[in-house]
Amino acid sequence: MTQLDLLAFGAHPDDIEIGMGGTLAKYAKAGYKVGICNLTYAELSSNGTVQIRQDEAERASRQLGVCKRIQLSFRDRGLKYINEEDLGKVVSLIRQFQPKVIFAPFEIDRHPDHGECSRIINEAYFNAGIRQYHCYENREAYRPDDLFYYFINGYERPNFVIDITNEKKLKRQALLSYESQFTTKNNSIQTPLTNDYITAVEARDQLFGKEVGVHAAEGFMTPKPLIIDQLLVERGAN
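Residues numbered from 1 in each chain as written. Predicted model: local features only at pLDDT ≥ 70, side-chain atom pairs only at ≥ 80, totals over all residues. Heavy atoms only, no water.

**Q** How would you sum up the overall build of the chain? Please name residues and give values.
**A** Within the chain, the secondary structure is distributed over seven helices and seven strands. Listed N to C, the secondary structure of the chain is β-α-β-α-β-α-β-α-β-β-α-α-α-β in terms of helices and strands. Taking 18 Å as the expected radius of gyration for a compact globule of 238 residues, we find that the chain reaches 18 Å, a close match to that expectation. Along the longest, intermediate and shortest principal axes, the C-alpha atoms of the chain span 65 × 45 × 30 Å. For the chain, the proportion of its 238 residues judged to be buried stands at 52%. Contacts spanning at least 24 positions in sequence make up 80% of the contacts within the chain whose residues lie at least 6 apart. Carbon together with sulfur atoms contributes 48% to the accessible area of the chain, which is approximately 12,500 Å² in total. One way to put it: in the chain the 29 positive side-chain charges average out to a point 2 Å from where the 32 negative ones average out. (Helix = DSSP H or I, 4+ residues; strand = E, 2+ residues; numbered from the N terminus. Rg over C-alpha atoms; globule rule 2.2 N^0.38 Å. Buried < 20%, exposed > 50% of the residue type's maximum accessible area, 1.4 Å probe, protein only. Contact = heavy atoms within 4.5 Å. Areas by Shrake-Rupley, 256 points an atom, 1.4 Å probe, with all protein chains shown as cover. Lys, Arg positive; Asp, Glu negative; His and termini not counted. Charge placed at Lys NZ, Arg CZ, Asp CG, Glu CD.)

**Q** I'd like a rundown of the packing of helix H5 (residues 168-176) against helix H7 (residues 197-212), residues and numbers included.
**A** The description of two helices packed together rests on the angle between their axes and the distance between the axes. Two numbers describe how H5 lies on H7: the axes approach to 11 Å, and their chain directions differ by 155 degrees. Comparing their axes, H7 and H5 come out roughly antiparallel. Relative to H7, H5 is oriented so that their crossing is right-handed. Across the interface between the two elements, Lys171, Arg172, Leu175 and Leu176 of H5 pack against Ile198, Val201, Glu202 and Asp205 of H7. In terms of residue class, the contact of H5 with H7 is made up of four nonpolar, no polar and four charged. (Axes fitted to C-alpha atoms, helices over the stretch in contact; angles between N-to-C directions. Parallel < 35°, antiparallel > 145°, perpendicular 65-115°, else oblique. Left-handed = near helix turned anticlockwise from the far one by under 90°. Nonpolar A, V, L, I, M, F, W, Y, C, P; charged D, E, K, R; others polar.)

**Q** So what's going on with the sheet that holds strand E1 (residues 6-10)? Residues and values would help.
**A** Either a parallel or an antiparallel arrangement is found when strands of a sheet pair, and the pairing is made through backbone hydrogen bonds. If you trace the seven strands from one edge of the open sheet to the other, you get E3-E2-E1-E4-E5-E7-E6, paired in mixed fashion. In the strand order of this sheet, the two ends are held by strand E3 (68-74) and strand E6 (160-163), each with one partner. Sheet twist, expressed as the mean angle between neighbouring strand axes with direction ignored, is 30 degrees. Across five bridges, strand E4 (residues 101-105) lies against strand E5 (residues 146-150) in parallel orientation. (Pairing = 2+ DSSP bridges.)

**Q** Describe in detail the environment of Thr194, supporting the description with residues and values.
**A** Examined against the element boundaries, Thr194 turns out to sit in the loop between helix H6 (179-182) and H7. Using a relative accessible area of 10% as the deciding quantity, one classes Thr194 as buried. Here Thr194 is in contact with Asn47, Gln181, Phe182, Thr183, Thr184 and Ile189, once residues within four sequence places are set aside. Polar contacts involving the side chain of Thr194 include one to the side chain of Gln190, which spans 3.3 Å. Of the polar contacts made by the side chain of Thr194, one reaches the backbone oxygen of Thr191; its length is 2.9 Å. (Polar contact = N/O pair within 3.5 Å; in protein donor to acceptor, adjacent residues only side chain to side chain.)

**Q** Outline helix H4 (residues 112-128), supporting the account with residue identities and numerical values.
**A** Spanning 17 residues, H4 covers 24 Å between terminal C-alpha atoms, matching the ideal 24 Å at 1.5 Å per step. Counting buried positions over the 17 residues of H4 gives twelve, a clear majority of the element. The set of residues buried in H4 consists of Asp113, His114, Gly115, Glu116, Cys117, Ser118, Ile120, Ile121, Ala124, Tyr125, Asn127 and Ala128. Its buried side turned inward, H4 meets E1, helix H1 (15-29), strand E2 (34-40), helix H3 (84-97), E4 and E5. (Expected span 1.5 Å × (residues − 1).)

This is the structure:
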């Protein structure tokens, strides 16, 4: 078993890369073990087949340095209806890989599946730490230290940001791996993703970066306050 430092969950292949691809690359480069888990195959996508999207997801993961990519088989546009057994599969993954931190989409998003994914991961995060909660493969209770939320389509003022100035090119390369989603071909159907979507994502990253004085940053939401216990480190005394 590979214990992960960071595990990000998304409803579809490409969700995580859109919201926090730079953060994944940043921590992977620093030597941390980062993982991705997609809940669905995105089989209802307007463009690309399931196999094409799986191939793209693998390429994107390699670009970012992801050491573990997990693909579940929940129904695209069916996350609202998952049962306790399905929820237990997510709980089991958290217990298996024991990540220190997990990420999920922020609940406010134009795509309903993203909000449902957020709800599922929130439930799984809590249940994973309950000793008497029995799930798939009956693994021992474990709860990550933190659960944070990333943005996909939406924009909110984030609770905190992560500087991805040095990773923005890697993020772009990972997104470009999803050629079926972000580029237009003769047989492509026009969607919000084919209309300069990567440009919009990068503009959001630049805006978040400008807020804190860096070139690019990814924004996150947190359900609880963050502890800062080294406020004056490297600032020096008067």
